[in-house]
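Structural description and commentary
If you want the building blocks of each chain, they are given just below.
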Amino acid sequence: MTALICLIAIVAIIIVVFLTWLLSYRADGKCPTCALKHLGRGKLTIDIKDEPNYDNNVSPTPIMGWSSWNLLRNHIDEDAIYDTAKAMRDSGLAAAGYEYINIDDCWQSTMRDSDGKLQGDLEAFPSGIEELCTRVNSLGLKLGIYSSNGTLTCEDMPASLGNEELDAKTFASWGIEYVKYDFCHNKKLTGSTPIIEFADINKPGERSEIRLRPDHAKYTGKAKEVKCDELPSKRGMGLINHGAGTASFNVDVPMSGDYIMTIHYHKSILHGRQYLQVVINGRLYEVYMPSGFSMSHDAKVQLEVKLDSGDNKITFQNPVVTMADSSYIQYKRMGDALRDASRAWAAFTGGEEKPITFSICEWGFAHPWNWGRKAGNMWRTTMDITPKWRRIKAIYNKSVDLYKFSGPGHVNDPDMLEVGNGKLTDDENRTHFTLWCMMAAPLVLGNDLRRLADGSSNSRFLLDTLTNNSLILIDQDPLVKAAKRIRKSPVLDILARPLANGDTALCFFNKSGKERPVEFELDSLQDFKYLNFKRAAGNYEIHELWSDDRYADTKINVKIPKHGVAVYRISQ
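This section reports on the structure supplied with the text. Since we're looking at a predicted model, the values are computed, not measured.

The next subject is the side chain of E544. Secondary-structure assignment places E544 in strand β24 (residues 540–544). The charged side chain of E544 is buried without a salt bridge, its nearest counter-charge being R430 at 7.2 Å. Within polar-contact distance, the side chain of E544 engages the backbone nitrogen of W546 at 2.8 Å.

This part is about the state of the cysteines. Inspection of the entire model under this criterion finds 1 disulfide. Paired through a disulfide, C154 and C184 show a sulfur-sulfur distance of 1.9 Å. Taking the sign of the S-S torsion, about 90 degrees here, the bridge from C154 to C184 comes out right-handed. Taken together, the positions of C154 in the loop between β3 (142–148) and α6 (164–174) and C184 in the loop between β4 (178–182) and β5 (196–202) put the pair 30 residues apart, joining distant regions of the chain. Of all cysteine sulfurs in the structure, the one in C106 sits closest to C133, which takes part in no disulfide; the separation is 20 Å. The structure places no disulfide on C507, whose sulfur is separated from the nearest cysteine sulfur, that of C437, by 10.0 Å. Residue class for C507 comes out buried when judged on its relative accessible area of 0%.

Our focus in this paragraph is the layout of surface pockets. Over the atoms rolls a probe the size of a water molecule, and in doing so it shows where empty space is left. The space that makes up the second largest pocket amounts to roughly 210 Å³. In terms of lining, the second largest pocket is formed by 16 residues, of which the most central are E544, W546, S547, V565 and A566. Every element with two or more residues in the lining of the second largest pocket is listed here: α9 (426–438), β26 (555–560) and β27 (565–571).

For the structure on display, the rule yields 23 aromatic pairs. Relative to W174, the ring of W107 lies with its centre 5.8 Å away and its plane at 90 degrees, an arrangement referred to as edge-to-face. Highlighted residues: W107 in the loop between β2 (100–102) and α5 (129–137) and W174 in helix α6, separated in sequence by 67 residues. Each member of the pair, W107 as well as W174, is classed as buried. A cation sits over an aromatic face here: R135 above Y82, 3.9 Å from the ring centre. Directly above the ring of Y530 sits K481, whose terminal nitrogen or CZ lies 4.5 Å from the centroid.

So, about helix α8 (residues 389–399). Three or more residues of α8 are buried, namely W389, I392, I395, Y396 and S399. Taken down its axis, α8 places every buried residue within 130 degrees of arc, on the same side. On the buried face of α8, the contacting elements are α9, β20 (484–487), β21 (492–498) and β22 (504–510).

Another point: the packing of α8 against α9. Closest axis-to-axis distance for the α8/α9 pair is 11 Å, and the angle between their directions is 15 degrees. By the criterion of interaxial angle, the relationship of α8 to α9 is roughly parallel. As α8 runs across α9, the sense of the crossing is left-handed. Contact with α8, carried on its side by W389, I392, I395 and Y396, involves E428, T431, H432, L435 and W436 of α9 and no other residues of that element.

Those residues of α6 not exposed but buried are E164, D167, A168, T170, F171, A172 and W174. G175 sits one or two residues past α6 and shows a positive phi near 95 degrees.

Tracing the backbone shows L492 in strand β21. It is 9.1 Å that separates the C-alpha atoms of L492 and V518, two residues lying 26 residues apart in sequence. Here L492 is in contact with R487, F508, F509, N510, K511, V518 and I560, once residues within four sequence places are set aside.

Turning our eyes to something else, we now look at the pairing of β26. The alternating pattern of β26 places I556, V558 and I560 on a buried face, while none of K555, N557 and K559, on the opposite face, is buried. Relative to β26, strand β23 (residues 516–521) is paired through 6 bridges, and the arrangement is antiparallel. If you follow R516 over to β26, its bridge partner there is I560.

One broad trend across soluble globular proteins is that nonpolar side chains are buried collectively. Core analysis: the biggest nonpolar cluster contains 102 residues, and Y98, W107, L143, F171, W371, F433 and W436 have the highest contact counts within it. Not counting chain neighbours up to four residues away, the residues in contact with W107 comprise I76, L118, Q119, G120, D121, F125, I129, I145, Y146, F171 and W174. If you look at the next biggest cluster of nonpolar residues, it comprises 34 residues, including M416, V518, A536 and A566.

It is worth spelling out the sheet that holds strand β16 (residues 357–360) at this point. Reading across the sheet, the 8 strands line up as β18-β17-β16-β4-β3-β2-β1-β19 and stay open at both edges, with parallel pairing between neighbours. A strand with exactly one partner marks an edge of an open sheet, and here the two such strands are β18 (411–413) and β19 (443–445). Sheet twist, expressed as the mean angle between neighbouring strand axes with direction ignored, is 25 degrees. With 5 bridges joining them, β3 and β4 adopt parallel strand pairing.

The subject of this paragraph is empty space enclosed by the protein. Taken as a whole and assessed by the stated rule, the structure comprises 3 cavities of 30 Å³ or more. Within this model, the largest cavity holds a volume of roughly 150 Å³. Among the secondary structure elements, those contributing two or more residues to the lining of the largest cavity are β3, β4 and β17 (378–380). Here the residues of the lining of the largest cavity sort into 8 nonpolar, 3 polar and 5 charged.

What counts, and where the lines are drawn
- Residues numbered from 1 in each chain as written.
- Predicted model: local features only at pLDDT ≥ 70, side-chain atom pairs only at ≥ 80, totals over all residues.
- Heavy atoms only, no water.
- Helix = DSSP H or I, 4+ residues; strand = E, 2+ residues; numbered from the N terminus.
- Buried < 20%, exposed > 50% of the residue type's maximum accessible area, 1.4 Å probe, protein only.
- Lys, Arg positive; Asp, Glu negative; His and termini not counted.
- Salt bridge = Lys/Arg side-chain N within 4 Å of Asp/Glu carboxyl O.
- Polar contact = N/O pair within 3.5 Å; in protein donor to acceptor, adjacent residues only side chain to side chain.
- Disulfide = S-S within 2.5 Å.
- 1 Å grid on protein atoms, 1.4 Å probe; cavity = no way out; pocket = protein on both sides within 12 Å on 5 of 7 lines; lining within 4 Å.
- Points joined across faces, edges and corners; volume = space filled by probe spheres on them.
- Phe/Tyr/Trp six-rings, centres within 6.5 Å; stacked < 30°, edge-to-face > 60°.
- Lys NZ or Arg CZ within 6 Å of the ring centre and 35° of its normal.
- Arc of directions from axis to C-beta.
- Contact = heavy atoms within 4.5 Å.
- Axes fitted to C-alpha atoms, helices over the stretch in contact; angles between N-to-C directions.
- Parallel < 35°, antiparallel > 145°, perpendicular 65-115°, else oblique.
- Left-handed = near helix turned anticlockwise from the far one by under 90°.
- Pairing = 2+ DSSP bridges.
- Core = buried A, V, L, I, M, F, W, Y, C linked by side-chain atoms within 4.5 Å.
- Nonpolar A, V, L, I, M, F, W, Y, C, P; charged D, E, K, R; others polar.

So, in structure tokens, the structure goes:
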């Protein structure tokens, strides 16, 4: 009986808290039912179908290179990075297509410089990142760098949230050509927006000449003029929160240029920091209203905006509902900043542009494959990889089903290669490399390239694996159509992907712990529309890409070792 009374009391408390929250939202001129939609964190509610794909002139095929994290983690310095770059060139990896040397977390000092710019660790990178970039470029390679879409990086170093434009300009000025943008210490944008009493627009140094009043706005959705007795005017623009609606104005100004917008709004102690987007002629401005604990009920925030001569459309909105919405806005902010910075730096110096490949490392929480092509070039599909067979297989199982999201300049990223790390067997190393090539994944190495020149049998095996040109051509195929898993079972997967010249890449993956025989009729590939496979009148030309065996037949018979693969290029 006591337990039942406690349960009833708990339920009653929850109901009271919920009703209090509901009433506070209504009282603050917000749409409570719209706010409840935030529970679907991975679903993007912002309509991006008319947004153009992210275009920053990088190579349309997945990047190939090396990253410091899996090997060096937080113990990095400029000598280790440069020696690795030399090893990439001298080992033949660069000639095979690997060209990026990417510095991961802990390259930076805990202090920004006197201008607020990121700078290299003053002990580990005494020459500075720009000088290191010049040295790496002299080897015919490109330098990449790391930051996070948060207040700090994953190792608690300075990150870029709120400093996107400045950091993008800094990276571009150094000559950086790749940025991995992590997700640690992220601060989700809120969907909460206060009642806006009015907004004034004036030229700097002048008094306001234009006032945007709630009774003059054109509203969409649930947004509307609402009553608020705590505001001097008693009225305001409300229900703009969580994608509920928008308030728009058409404003005519005689002269284009910079203007000051002052937004007067109703403070909300209960709802903390709030967020608003101001869209002017397609240009996006983001506004943050801090938590308010002062005696006054109204407050104001100012921003500098650009207006065009003549008619200007100004819209107040907040499209953030879910975590996916927040992630999309924040990653797109950095992607746009990097694209603009590389172009502006080239124009400023009169040199050739160095496009910056933008890697969205959001870990797959907000399903970035649904929006990544609008914000960047590649997006992580899962949490971090480790040199464990079980982890590699788990990442493969998640990533392979995302094949339809890959395309030129925009690819799924199942994380770095662990080939040569841990205790993977030779077959597991080859399988790992093969699956990543079949999935049109970035080929970013994480092993110690400096040891590949020791002449050992293991080093020769690793080099032979990582420079297999036939597999690299599959990964780098210009169609960038990732493999589809055309057959799935607990012991054997069959993957296939169409290639630009009309060939088909075909892979048999033995997931089991013992050798498996496979017999496969090639004519059956015509059953899969994705492959656009044409049935041959006679035999097919078959090339096994690890053994280099070549023969003509209509079917494949092969025995595959445990955790192994057999991979073919099929021609007619």
